[in-house]
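What follows is the residue order along each chain.
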Amino acid sequence: MTTTPTHFDTAARSWDQRPTSLQLAAVPERLLARLPLQASDHVLDFGAGTGLLSTAIAPHVAQVTALDMSAAMLQVLDEKGFANITTRQQDIFSGLPEQYHAIVSCMAMHHVADTAALLRAFAAALHGGGRIALVDLVQEDGSFHGDKAANFDKGVQHFGFAPDSLRALAEQAGFADIAFSEILRLQQRNGQAYPLFLMTGRKP
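Residues numbered from 1 in each chain as written. Predicted model: local features only at pLDDT ≥ 70, side-chain atom pairs only at ≥ 80, totals over all residues. Heavy atoms only, no water.

## Some points on the overall build of the chain
Summing up its helical and strand segments, the chain has eight helices and seven strands in all. Over its C-alpha atoms the chain spans a radius of gyration of 16 Å, differing by no more than 12% from the 17 Å that the globule rule assigns to 204 residues. In terms of overall dimensions, the chain has C-alpha extents of about 40 × 40 × 30 Å along its principal axes. Across the 204 residues of the chain, 51% fall into the buried class. Contacts in the chain between residues at least 24 apart in sequence constitute 64% of all its contacts with a sequence separation of at least 6. Seen as two clouds, the 15 positive and the 20 negative side-chain charges of the chain have centres 3 Å apart. (Helix = DSSP H or I, 4+ residues; strand = E, 2+ residues; numbered from the N terminus. Rg over C-alpha atoms; globule rule 2.2 N^0.38 Å. Buried < 20%, exposed > 50% of the residue type's maximum accessible area, 1.4 Å probe, protein only. Contact = heavy atoms within 4.5 Å. Lys, Arg positive; Asp, Glu negative; His and termini not counted. Charge placed at Lys NZ, Arg CZ, Asp CG, Glu CD.)

See below:
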């Protein structure tokens, strides 16, 4: 994972109060409406940050593993005191110790250079029948995070994703029943509204 931890470490303490984070607070309920979960499930939250998705999912499942590269972000999540959320600071490409019933993510995929490899890693980390529910930016012009320097500082690898291209990569990784829907439009300080997609799919 090619995210620059320093940006996220520095921002961790105030992360949940950012205007963008306050808008993203609408995502978990909408994602959960599209993701069937069982009380016995173990869910992986990729790029979990301070736990936007993890803390919403934890009451519905047995265990959540919150994976992120930023120790400071995960410390903020730890301090929220959820007994069934385990934080794990590592690169997903280093290998995961177990398999999961679902993998969720919100606004993390665009920080990973090799999207095809990421989706293959997700598939490898899922039990048969396991599901993905992934939220990220629809392809944009590079202005979402600010200027070119801001994109670099924040470890941005992609200016969002074209759904058709992402669908093809997910199919190549072995996923079936892939579906896209718009989950939210994020209003940024530049006056633009940026659509976010929810991609769902299943490992046969």
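## A few points about the side chain of Asp136
Turning to its location among the elements, Asp136 is positioned in strand E5 (residues 126-137). No salt bridge is formed by the buried Asp136, whose closest oppositely charged neighbour, Arg18, lies at an N-O distance of 12 Å. A polar contact of 3.1 Å, which involves the side chain of Asp136, links it to the backbone nitrogen of Met109. (Salt bridge = Lys/Arg side-chain N within 4 Å of Asp/Glu carboxyl O. Polar contact = N/O pair within 3.5 Å; in protein donor to acceptor, adjacent residues only side chain to side chain.)

## Here's the deal with the environment of Ala173
Structurally, Ala173 can be placed in the loop between helix H8 (163-172) and strand E6 (176-187). Placed 52 residues apart in sequence, Ala173 and Ala121 show a C-alpha to C-alpha distance of 8.5 Å. Discounting chain neighbours no more than four positions away, the residues touching Ala173 are Leu119, Arg120 and Ala123.

## Focus on the packing of aromatic side chains
With the rule as written, the count across this model stands at four aromatic pairs. Here Phe144 and Tyr194 contribute two aromatic rings whose centre-to-centre distance is 5.1 Å and whose plane-to-plane angle is 85 degrees, an arrangement assigned as edge-to-face. A residue pair is termed long-range when its members are at least 10 positions apart, and Phe144 in the loop between E5 and helix H7 (148-153) and Tyr194 in strand E7 (residues 193-202) qualify at 50 residues. The class for Phe144 is buried, based on a relative accessible area of 6%. With a centroid separation of 5.5 Å and 65 degrees between ring planes, the pair formed by Phe180 and Phe197 is classed as edge-to-face. Residue Phe180 is located in strand E6, and its partner Phe197 is located in strand E7; the two are separated by 17 residues in the primary sequence. Here the aromatic residues Phe161, Phe180 and Phe197 are joined through ring pairs into a cluster of three or more. A cation over an aromatic ring shows up here: Arg18 above the ring of Trp15, its NZ or CZ 3.6 Å from the ring centre. (Phe/Tyr/Trp six-rings, centres within 6.5 Å; stacked < 30°, edge-to-face > 60°. Lys NZ or Arg CZ within 6 Å of the ring centre and 35° of its normal.)

Keep in mind that these numbers describe shape and distance, not what the molecule does.
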